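# Chains, contacts and geometry: an overview
For reference, the chains in residue letters:
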Amino acid sequence: MRDGHNRQINYLRLSLTDRCNFRCVYCVPPQGKEWLEHSEILTYEEMLRLIKVFNKAGITKIRLTGGEPLVRKGVVEFVAAIKALGVIEDISMTTNGSLLPPLANRLKTAGLNRVNISLDTINSANFTQITTCGRLDDTLSGIKSALKAGLTPVKLNVVLTEALTESDLTYFTELVYHQPISVRFIEYMPIGNQPVQRGMDVAMVKKLLGLAGREMLIPASVIQGDGPAKYYRFPKYQGSFGFITPISEHFCEACNRLRLTADGHLRPCLLSNTEVDIKTPLRNGASDNDLTELFFTAIREKPEGHSLCRASGYPAFERSMSQIGG
Ligand code: SAM
Ligand code: SF4
């Protein structure tokens, strides 16, 4: 299925829950505006029905996200149920990693291919400052368990904030030298509940990593996945560095994705408030054809590009990242 701007839409980011065991400062809604009631969240059965319908319309890859997908009970069985459909080529997950150690092997057996794990810094005080209630050691254990279980390639998501220091870059360089891990630096997007102190920008990180002025060392297609990151790999390094730059160099022309929020809204673009409610029709007896039509409506609503880089300033976001599904 191609949208009105000739982009092939084959990738669904599916939010299992808006809840999370961390409260990253750039991600969660203000205190008191949380969480969705359980009855508002799509059941696994409802999600599976939508996946079947969307697959017939072109979706072949799914990333489970949230909130924190691993806080939702039954996630291993849900992965197995998606796998059992036999039509989804790639099932992946974005997680903070903290709950992964006891689940990694079971998720792999169930059919999860790979994980992206968020790790903004390896300074434990800075980590707790960013995540509010996260413990660095839990996330580091999650990364180890993912590698051991073969949930590979493992990619780390590092949002650029003041928490990131030069010592972190030294650590990431060592890590990427020894392990087949992609460390991806992501520009902070202003959709969190409080302004985040920006730290190093992409140019500074590239300079400190010794990447400034160099061409991409490996083509993006070499790294498995469908994301917008541009990757670099040094000779003899097992892993790579990636940069995701929605602000300074947006990648809208290559966007192949659609989001489904935990409360059943199709969101054509992360950075636009437009959503299509599919839960209400689903619960009111919509046929598969009706649901397919709503899927097409969402794809028609996909804007050509987002506005974060426009001089006119940022739009007011109605939902935080954890409510949308990052
Ligand atoms: N809880 C999981 C995690 O942290 O990986 C999955 C959900 S989280 C919303 C998905 C990704 O979005 C994470 O890598 C997180 O760092 C990133 N993220 C959240 N808010 C962001 C923001 N305002 N700007 C840039 N990235 C953000
Ligand atoms: Fe939770 Fe992930 Fe958002 Fe952090 S980024 S609050 S871990 S959903």
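The structure under discussion appears in the preceding block.
One structure accompanies this document, and this report is about it. If you're wondering where the values come from, they're calculated on a predicted model, not measured in any experiment.

## As for the site of ligand 1
Taken together, 17 residues lie near ligand 1, and Y26, G67, S118, N157 and M189 sit nearest. In the environment of ligand 1, a nitrogen atom lies 3.1 Å from a nitrogen or oxygen atom belonging to the side chain of E68. Between ligand 1 and the protein, one listed contact pairs an oxygen atom with a side-chain N or O atom of S118 at 2.6 Å. Relative to its unbound accessible area of 540 Å², ligand 1 is 95% covered by the protein chains. Those elements that provide at least two residues to the shell around ligand 1 are strand 2 (61-66), strand 3 (90-95) and strand 5 (154-159). A per-class count over the shell around ligand 1 returns 6 nonpolar, 9 polar and 2 charged.

## Quick word on helix 4 (residues 124-131)
Where helix 4 is concerned, the buried positions are N126, F127, I130 and T131. For helix 4, the arc enclosing every buried residue in end-on projection is 120°, short of the 170-degree limit, so these residues lie on one face. With respect to the buried face of helix 4, the exposed residues turned more than 90 degrees away are A125 and Q129. Buried-residue contacts for helix 4 involve helix 5 (136-149). At the N-terminal boundary of helix 4, the capping side chain belongs to N123, with an oxygen 3.0 Å from the backbone nitrogen of A125. Just downstream of helix 4 lies T132, where phi reads positive at about 65°.

What counts and how
Residue positions are given per chain, counted from 1 along the sequence in the order it is written. Each chain takes a letter, starting from A, and each ligand takes a number, starting from 1, following the order in which they are written. Restriction of local features to residues with pLDDT of at least 70 applies here, the model being predicted, together with a cutoff of 80 or more for giving and counting side-chain atom pairs; totals for whole chains, interfaces and linings are based on all residues. Based on all heavy atoms of the structure, the side-chain values leave hydrogens and waters out of the count. Being near a molecule or strand, for a residue, comes down to having at least one heavy atom within 4 Å of it. Pairs of N or O atoms within 3.5 Å make up the polar contacts considered here, provided that, within protein, one atom can donate a hydrogen while the other can accept it, and that residues adjacent in sequence are counted only when both atoms are side-chain atoms. All accessible areas in this document rest on Shrake-Rupley with a 1.4 Å probe, and a residue is counted as covered only by the protein chains that are shown. Comment: elements are numbered from the N terminus, with helices defined as DSSP H or I runs of at least four residues and strands as E runs of at least two. Charged residues are taken to be Asp, Glu, Lys and Arg, nonpolar residues to be Ala, Val, Leu, Ile, Met, Phe, Trp, Tyr, Cys and Pro, and polar residues to be all remaining types, Gly included. Buried residues are those whose accessible area, probed at 1.4 Å on protein chains only, stays under 20% of the maximum for their type, while exposed residues exceed 50% and partly exposed ones sit between those limits. As used here, the arc belongs to the directions running from the helix axis to the C-beta atoms. Whether two residues are in contact is decided by their heavy atoms: any pair within 4.5 Å suffices.

Just geometry here; none of it tells us what the structure is for.
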